[in-house]
Amino acid sequence: MLAVPRDEAAEPVVRIGPNTVLPAVREPVALRTADGLRLVGELALPEGREPAATVIMLHPLPTHGGSMDSHVLRKAARRLPALAGLAVLRFNTRGTESVEGRSEGSFGSAESERHDVATALDFARARALPEVWLAGWSFGTDLAVRYGLDPLVRGLVLIAPPMRWSTPEHLARWAPSGKPVTALVPEHDDFLRPDGVRERCAVLPGARVVALTGAKHLLVGHADEVLDELAAAILPGRTPLPREWPVPTGTGRA
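Remember, predicted model here, so these are calculated numbers, not experimental data.

## Looking at the nonpolar core
Looking at soluble globular proteins, one finds that nonpolar side chains tend to be buried together. With 42 residues, the main nonpolar core has Ile 56, Leu 58, Leu 121, Leu 134, Leu 156 and Val 197 as its most contacted residues. The residues touching Ile 56, leaving out its near neighbours within four places in the chain, are Leu 89, Phe 91, Ala 120, Leu 121, Ala 124, Val 132, Trp 133, Leu 134 and Ala 135. In terms of nonpolar packing, the next biggest core, distinct from the first, is built from 34 residues, Leu 86, Ile 159, Ala 160 and Val 210 among them.

Spelled out as structure tokens, the structure:
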């Protein structure tokens, strides 16, 4: 067998792993709610170009460890600005703490968090962020469904929705809007599995339910697949996302 000559001029690349941080313009933000609370957040923008679209990410249940630093949200902020040209806004809902800091207030059982979603949308509006989508994971899906039906929002991505605080009636309000709704549902989810989500989403004839084969609710080992599907819902035709990234010249690492 003949050896294939190595292209010495080829740009070195690294495999994108769980802790890879790709280039972006990252800005700590403080969101002020209508009821006077300061929420901790971060906006990550593509470096050197305008964002093609924006995703506001809503985290899992804070009383069970969910925050803006939950691994899928953290990886979205670290990767999607570079790989998909997306602006990513994530924040801690009231009373939630992560390495980025603690938001004021206390957990509101998906009621007072309506102010948190509203202030995130107001921030996106004030900053003129383009093509805003909402993406929730677990508890975040309840907030997105209940409080995300805003003229600014282009569509909805529900990741592992338990539908604990949101009902088919809440979902049905989205139907007249025609806004696209995609649900990414772990095959072995602890709460609702794909068939259960399809049943709940029957009130939305256009809803798309994607089963994540082999996945459980915490999505360990499935972040790449989730980010692919998230990007595909917002920017069709631009996936799968790259799994490698050029090494910056002279650094020897990403």
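There is more to say, and it comes next.
## A few points about helix H1 (residues 71-84)
Since the α-helix packs 3.6 residues into each turn, any two residues three or four apart lie on the same face. Spanning 14 residues, H1 covers 18 Å between terminal C-alpha atoms, matching the ideal 20 Å at 1.5 Å per step. At Arg 78, H1 is deflected by roughly 35 degrees, the largest bend along its length, and proline Pro 81 occurs up to four residues later in sequence. With 13 of 14 residues buried, H1 is to be regarded as a mostly interior element. Once H1 finishes, Gly 85 follows within two positions and takes phi at roughly 70 degrees, a positive value.

## Considering the pairing of strand E8 (residues 132-137)
Burial analysis of E8 places six of its six residues in the buried class, which makes it a mostly covered element. Burial along E8 is two-sided: the residues Val 132, Leu 134 and Gly 136 and Trp 133, Ala 135 and Trp 137 are all buried. Summarising the sheet, strand E4 (residues 53-58) and E8 pair through five bridges and their orientation is parallel. Looking across to E8, one finds that Thr 54 is bridged to Val 132. Of the crossover connections in this fold, the one passing from E8 over helix H3 (residues 139-147) to the parallel strand E9 (residues 153-159) is right-handed.

## Thoughts on the environment of Arg 102
One can find Arg 102 in strand E7 (residues 101-102). Classification of Arg 102 as partly exposed rests on a relative accessible area of 44%. C-alpha separation for the pair Arg 102 and His 59, spaced 43 residues apart in sequence, amounts to 14 Å. Residues contacting Arg 102, with those up to four places away along its chain left out, are Val 40, Gly 95, Thr 96 and Glu 97. Within the local environment of Arg 102, its side chain forms a polar contact with the backbone oxygen of Gly 105, the two atoms lying 3.3 Å apart.

## Concerning the packing of H1 against helix H6 (residues 223-234)
Taken N-terminus to C-terminus, the directions of H1 and H6 make an angle of 55 degrees; their axes are 10 Å apart at the nearest point. Here H6 runs oblique to H1, going by the angle between their axes. Both H1 and H6 take part in a crossing whose hand is right-handed. Of the residues in H6, those in contact with His 71, Val 72, Lys 75, Ala 76, Arg 79, Leu 80 and Ala 84 of H1 are Ala 223, Asp 224, Val 226, Leu 227, Leu 230 and Ala 231.

## Some words on the sheet that holds E8
Strand order in the open sheet made by the eight strands is E2-E3-E5-E4-E8-E9-E10-E11, with mixed pairing throughout. Two strands in the sheet have a free side with no partner beyond their single neighbour: strand E2 (25-32) and strand E11 (208-212). Neighbour to neighbour, the strand axes of the sheet diverge by 20 degrees on average, direction disregarded. Bridge analysis of E4 against strand E5 (residues 86-91) gives five bridges, and the strand direction is parallel. Bridging from a neighbouring strand, Ile 56 pairs with Leu 89 of E5. Taken strand by strand, helix H2 (residues 114-126) contacts E2, strand E3 (38-45), E4, E5, E8 and E9, and its axis lies near 130 degrees from that of E2.

## A few points about the packing of aromatic side chains
Any two aromatic rings considered together are summarised by their centre-to-centre distance and by the angle between their planes. Tallied over the entire structure, the rule returns three aromatic pairs. Consider the rings of Phe 107 and Phe 139, whose centres lie 5.7 Å apart with planes at 55 degrees: the pair is tilted. Of this pair, Phe 107 sits in the loop between E7 and H2 while Phe 139 sits in helix H3; the two residues are 32 residues apart in sequence, bridging distant segments of the chain. Relative accessible area serves as the criterion here: at 28%, Phe 107 is assigned to the partly exposed category. One aromatic cluster in this structure is built from Phe 107, Phe 139 and Trp 165.

Rules behind the numbers
Residues numbered from 1 in each chain as written. Predicted model: local features only at pLDDT ≥ 70, side-chain atom pairs only at ≥ 80, totals over all residues. Heavy atoms only, no water. Core = buried A, V, L, I, M, F, W, Y, C linked by side-chain atoms within 4.5 Å. Buried < 20%, exposed > 50% of the residue type's maximum accessible area, 1.4 Å probe, protein only. Contact = heavy atoms within 4.5 Å. Helix = DSSP H or I, 4+ residues; strand = E, 2+ residues; numbered from the N terminus. Expected span 1.5 Å × (residues − 1). Bend = angle between axes of the 7 residues up to and from the residue. Pairing = 2+ DSSP bridges. Right-handed = clockwise from strand over helix to strand, strands pointing away. Polar contact = N/O pair within 3.5 Å; in protein donor to acceptor, adjacent residues only side chain to side chain. Axes fitted to C-alpha atoms, helices over the stretch in contact; angles between N-to-C directions. Parallel < 35°, antiparallel > 145°, perpendicular 65-115°, else oblique. Left-handed = near helix turned anticlockwise from the far one by under 90°. Phe/Tyr/Trp six-rings, centres within 6.5 Å; stacked < 30°, edge-to-face > 60°.

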